[in-house]
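Fold and contact review
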Amino acid sequence: MIIRTLSTLECTKLLAANRFARLACAKDGQPYIVPFYYAHADNHLYAFSMLGKKVNWMRSNPLVSVQVDEIVTGRRWKSVVVNGRYEELPDRIGHKAQRDHAWALLSKHADWWEPGALKPGTPPVEDDLPHVFFRIFITEVSGREALES
Ligand SMILES: Cc1cc2nc3c(=O)[nH]c(=O)nc-3n(C[C@H](O)[C@H](O)[C@H](O)COP(=O)(O)OP(=O)(O)OC[C@H]3O[C@@H](n4cnc5c(N)ncnc54)[C@H](O)[C@@H]3O)c2cc1C
C-alpha cells in the first residue's frame, strides 16, 4: 500500500461528492465529535441542527475540524480533513439569503433534516423547536489517499 497526498482540487471534489462527515469542536480543552450531514458549496460546509451541546460549544469556540472519507477497503481509501470556522445563519433580516441558500443545498436530499432534528426521547419534529442553520468556512484542507501498490 502507498499513501499519497491529495491536491486541494481533489479534496474539494471529495467534499462535494459526499455529505456525511464527522464534526469536531472543542471547549475548555475537551474535544467533542459527532457525525453529521453537510452540503458543500462556495468554500463552506452547510448544515442543519437542533440546539444542543455541539452548537453551544461552537458558539463559544468557533474553530472546528471536519473529517470526510471514502473507504473501499483498509488498503484503498481517501480521507479529507478540514479546519474551519463555525458561522451561524440566524433567522434574522440580513441572513435570509444565506439561510435560503443553506436550505436549498441541504434539501436536495429527502432525509436532510431528520438526523439533525431528532434527539433521544423527543417527539417527532415540530416546526417551532429551536433549530439552527450553520456553515463551516473552510480555512484549511488536507487529504490523503491509500492505494494498493
Ligand atoms: C448519519 C448521521 C447523520 C446525522 N446528521 C446530523 C445533522 O445533519 N445534523 C445534526 O445536528 N445532527 C446529525 N446527526 C446526529 C448527531 O450526530 C448528534 O447526535 C446530534 O446532532 C446531537 O448532538 P448534540 O451535540 O446537540 O447532542 P446533545 O443532544 O446536546 O447531547 C449531548 C450528549 O449526548 C451524546 N451524544 C450526542 N450525539 C451523539 C451521537 N451521535 N453518538 C453518541 N453520543 C452522542 C454526547 O456525548 C453528549 O454527552 C447525525 C447522525 C448520524 C448518525
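Look up a bit, the structure's there.
To keep things clear, this report deals only with the structure shown in the data block. As the structure is a computational prediction, the values presented were derived from the model and not from experiment.

Thoughts on the pairing of strand S3 (residues 30-37)
Where strand S2 (residues 20-27) meets S3, 8 bridges bridge the pair, whose relative direction is antiparallel. Residue Cys25 lies in a different strand from S3, and its bridge partner there is Tyr32. Linking S2 to S3, which pair antiparallel, is a turn of 2 residues; within it Asp28 sits at a positive phi near 50°.

Concerning the site of the ligand
What surrounds the ligand is a group of 14 residues, the closest being Ser49, Gly52, Lys53, Pro115 and Gly116. Elements represented by at least two residues in the shell around the ligand include exactly S3, strand S5 (44-50), helix H2 (53-60) and helix H4 (114-117). The element contributing the most residues to the shell around the ligand is S3, with 4 residues. Across the shell around the ligand, the residue classes tally to 8 nonpolar, 3 polar and 3 charged.

A short note on H2
Three- or four-residue spacings in an α-helix give side chains the same orientation, since the helix completes a turn every 3.6 residues. Restricting attention to buried positions, one finds in H2 the residues Lys54, Trp57 and Met58. Considered in projection along H2, the buried side chains sweep an arc of 95° and stay on one side of the axis. Of the exposed residues in H2, the ones pointing more than 90 degrees away from its buried face are Asn56 and Ser60.

Digging into unusual backbone geometry
Despite not being glycine, Asp28 shows a phi value in the positive range, around 50°. Here Asp28 shows up in the loop between S2 and S3. By the C-beta count within 10 Å, which is 7 here, Asp28 ends up exposed.

Here we look at the pairing of strand S6 (residues 63-73)
Pairing geometry for S2 and S6, over 3 bridges, is antiparallel. Residue Leu23 lies in a different strand from S6, and its bridge partner there is Val66. Remark: 2 residues form the turn of the hairpin made by S6 and strand S7 (residues 76-89), two consecutive strands paired antiparallel.

Overview of the nonpolar core
Ranked by size, the top nonpolar core spans 29 residues in total, and within it Tyr38, Leu45, Tyr46, Ala47, Val64, Val66 and Val80 carry the most contacts. Listed by contribution, the elements that provide at least two residues to this core are helix H1 (8-17), S2, S5, H2, S6, S7, helix H3 (96-106) and strand S8 (131-147). By residue number, the principal contributor to this core is S8, which donates 5 residues. Not counting residues up to four positions away in its chain, the partners in contact with Val64 are Leu23, Ala24, Cys25, Met58, Gly84, Tyr86 and Ile136.

Considering H1
Residues Cys11, Leu14 and Leu15 constitute the buried set of H1. Down the axis of H1, the smallest arc covering the buried residues is 100°, so these residues share one side. Those residues of H1 that are exposed and aimed more than 90 degrees away from the buried face are Leu9, Ala16 and Ala17. In this structure, the buried residues of H1 make contact with strand S4 (39-41), S6, S7 and S8.

Reading the values: the criteria
- Residues numbered from 1 in each chain as written.
- Predicted model: local features only at pLDDT ≥ 70, side-chain atom pairs only at ≥ 80, totals over all residues.
- Pairing = 2+ DSSP bridges.
- Helix = DSSP H or I, 4+ residues; strand = E, 2+ residues; numbered from the N terminus.
- Near = placed C-beta within 6 Å.
- Nonpolar A, V, L, I, M, F, W, Y, C, P; charged D, E, K, R; others polar.
- Buried ≥ 20, exposed ≤ 12 C-beta atoms within 10 Å, placed from the backbone.
- Arc of directions from axis to C-beta.
- Core = buried A, V, L, I, M, F, W, Y, C linked by C-beta atoms within 7 Å.
- Contact = placed C-beta atoms within 7 Å.

Read these as layout, nothing more, since geometry by itself doesn't imply function.
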